[in-house]
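Letter by letter, the chains look like this.
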Amino acid sequence: MLTKEYRICMPLTVEEYRIGQLYMISKHSHEQSSNGEGVEVVKNEPYTDEQHGTGQYTEKRIYLNGKLPDWIKWFIPRIFYLTERAWNSYPFTLTEYTCSFLPKFHIRIETKFENNNGNNQHVFGKKTTPKDDVCNVDIVTDLIPEKCYKESEDLTKFKSLKTGRGPFSAGWQKISDPIMCSYKLVSVKFEMYGFQTKVEGFVQKSIKDILLVGHRQAVAWIDEWIDMSMEDVRNFEKELQEETNKKVISSTETDSGSLIKEDDSNRVGITRSASMINKTMTQVDTVDGQRPLMTRMTSSPH
């Protein structure tokens, strides 16, 4: 298992970001959804937690086959999605990702929001995260994937007409008022011999890029959401979820139909991929008459 702690500062207050977060997630999901890829919202309902009180529970399907590298596509189905389950008891959230096709794959993200510049070393308890595993994400100066760049979201050029915030430059976290930090403890587990390190590293890198882009957008879009109430943003969220679901579901249903019509050679390809995974998991030399080494590794706690 590979664990990283990300700290993402923003020129906002925690109370402001309560609205901004919901707006950003809805709009970002809608923009990223097309041609059968993106986010389908399955559930979005209130819940109660003994420790954190009332909150909102969401369950989503994230279709992303086209965004995966070729070496992963080789052994997964063409229609591939992750299941996201999130418990949002703001300013605390817990998010988990699983995949039925890869039962040994799991992502857990624990998030806390605080009004500071990322200097709380004990935000997740008395035990601090090792320095090498802490990543400070700078929404102003960090490079984002070229395909994600938009000049309107470049915070070195951005200025909010409604709040007067921006543009920002290097070292902005030391002088910004207001300022808050999104602390995220991300654990990625993929127990498959020969693939674990590569997959866990790839997932962490992808998560960092998503966090960078999403938090930049929350700030760049501030004039769109700063005047919204919670009722306003919930209505916006519901409207965009319905539109996004239509974009994703219609395409995935078309793809499902086309898959059924494909010839036997494609079915053989999927079967071969599954056999490859099973072979990788089981055909490992037995050591000293014990169970296979891979079996011992995956059945022991990390």
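Here the structure is a predicted model, which means the values were calculated and not measured.

### Points about the side chain of Asn-88
Mapping Asn-88 onto the fold places it in strand β4 (residues 81-89). Within the structure, the side chain of Asn-88 is placed 3.1 Å from the backbone nitrogen of Tyr-90, a separation counted as a polar contact.

### Description of helix α1 (residues 14-32)
A rise of 1.5 Å per residue sets the reference length of α1, with its 19 residues, at 27 Å; its end C-alpha atoms lie 26 Å apart and thus fit the reference within 8%. Burial within α1 is extensive, with 14 of its 19 residues counted as buried.

### Here's the deal with the pattern of salt bridges
Throughout the structure, instances matching the rule amount to twelve salt bridges. In this structure, the salt-bridge partner of Lys-4 is Asp-133, at a minimum N-O distance of 3.8 Å. Of this pair, Lys-4 sits in strand β1 (residues 2-10) while Asp-133 sits in the loop between β6 (105-114) and β7 (134-137); the two residues are 129 residues apart in sequence, bridging distant segments of the chain. Asp-209 is the salt-bridge partner of Lys-205, the closest N and O atoms lying 2.8 Å from each other.

### Describing the pairing of strand β5 (residues 92-98)
Of all seven residues that make up β5, five are buried, and the element is covered over most of its length. Two elements, β4 and β5, share seven bridges in a ladder whose sense is antiparallel. Considered in β5, the bridge of Glu-84 is made with Tyr-97. Once β4 ends, the chain turns through two residues before running back antiparallel as β5. In this sheet, β6 lies alongside β5 in antiparallel orientation, the contact comprising seven bridges. Across the sheet, the residue bridging to Thr-93 is Thr-111, located in β6. Linking two consecutive strands that pair antiparallel, namely β5 and β6, is a turn of six residues.

### Side note on the packing of α1 against helix α3 (residues 196-220)
Contact pair α1 / α3: the axes reach a minimum separation of 9 Å and the direction vectors enclose 120 degrees. In this view, α1 runs oblique relative to α3, as classed from their interaxial angle. Here the hand of the crossing between α1 and α3 comes out right-handed. Note on element contacts: α3 touches α1 through Val-213, Gly-214, His-215, Gln-217 and Ala-218, opposite Tyr-17, Met-24, His-28 and Glu-31. Each residue belonging to the contact of α1 with α3 can be placed in one class, and the counts come to four nonpolar, four polar and one charged.

### Quick notes on the environment of Asn-120
Here Asn-120 lies in the loop between β6 and β7. Under the relative-accessibility criterion, Asn-120 is labelled partly exposed at 22%. C-alpha of Asn-120 to C-alpha of Arg-7: the two residues are 113 residues apart in sequence and 9.8 Å apart in space. In this structure, Asn-120 is in contact with Arg-7, Glu-114 and Tyr-183, ignoring residues within four places of it in sequence. Within polar-contact distance, the side chain of Asn-120 engages the side chain of Glu-114 at 2.9 Å.

### Side note on the confidence of the model for the protein
In low-pLDDT segments, the atomic positions of the prediction should not be examined closely. Summing up the model confidence of the protein, the mean pLDDT is 83 and the portion of residues at 70 or higher is 77%. Segment residues 256-302 is flagged for pLDDT under 50; beyond a separation of four residues in sequence, or across chains, it makes 43 contacts in the model.

### Re the environment of Glu-5
Of note, Glu-5 is situated in strand β1. Spatially, the C-alpha atoms of Glu-5 and Lys-184 are 5.5 Å apart, while their sequence positions differ by 179 residues. Ignoring anything within four residues of it in the chain, the contact list for Glu-5 reads Val-123, Phe-124, Thr-129, Asp-133, Val-134, Cys-135, Tyr-183, Lys-184 and Leu-185. Side-chain polar atoms of Glu-5 contact the side chain of Arg-7, separated by 2.7 Å.

Parameters and conventions
Residues numbered from 1 in each chain as written. Predicted model: local features only at pLDDT ≥ 70, side-chain atom pairs only at ≥ 80, totals over all residues. Heavy atoms only, no water. Helix = DSSP H or I, 4+ residues; strand = E, 2+ residues; numbered from the N terminus. Polar contact = N/O pair within 3.5 Å; in protein donor to acceptor, adjacent residues only side chain to side chain. Expected span 1.5 Å × (residues − 1). Buried < 20%, exposed > 50% of the residue type's maximum accessible area, 1.4 Å probe, protein only. Salt bridge = Lys/Arg side-chain N within 4 Å of Asp/Glu carboxyl O. Pairing = 2+ DSSP bridges. Axes fitted to C-alpha atoms, helices over the stretch in contact; angles between N-to-C directions. Parallel < 35°, antiparallel > 145°, perpendicular 65-115°, else oblique. Left-handed = near helix turned anticlockwise from the far one by under 90°. Contact = heavy atoms within 4.5 Å. Nonpolar A, V, L, I, M, F, W, Y, C, P; charged D, E, K, R; others polar. pLDDT = per-residue confidence, 0-100.

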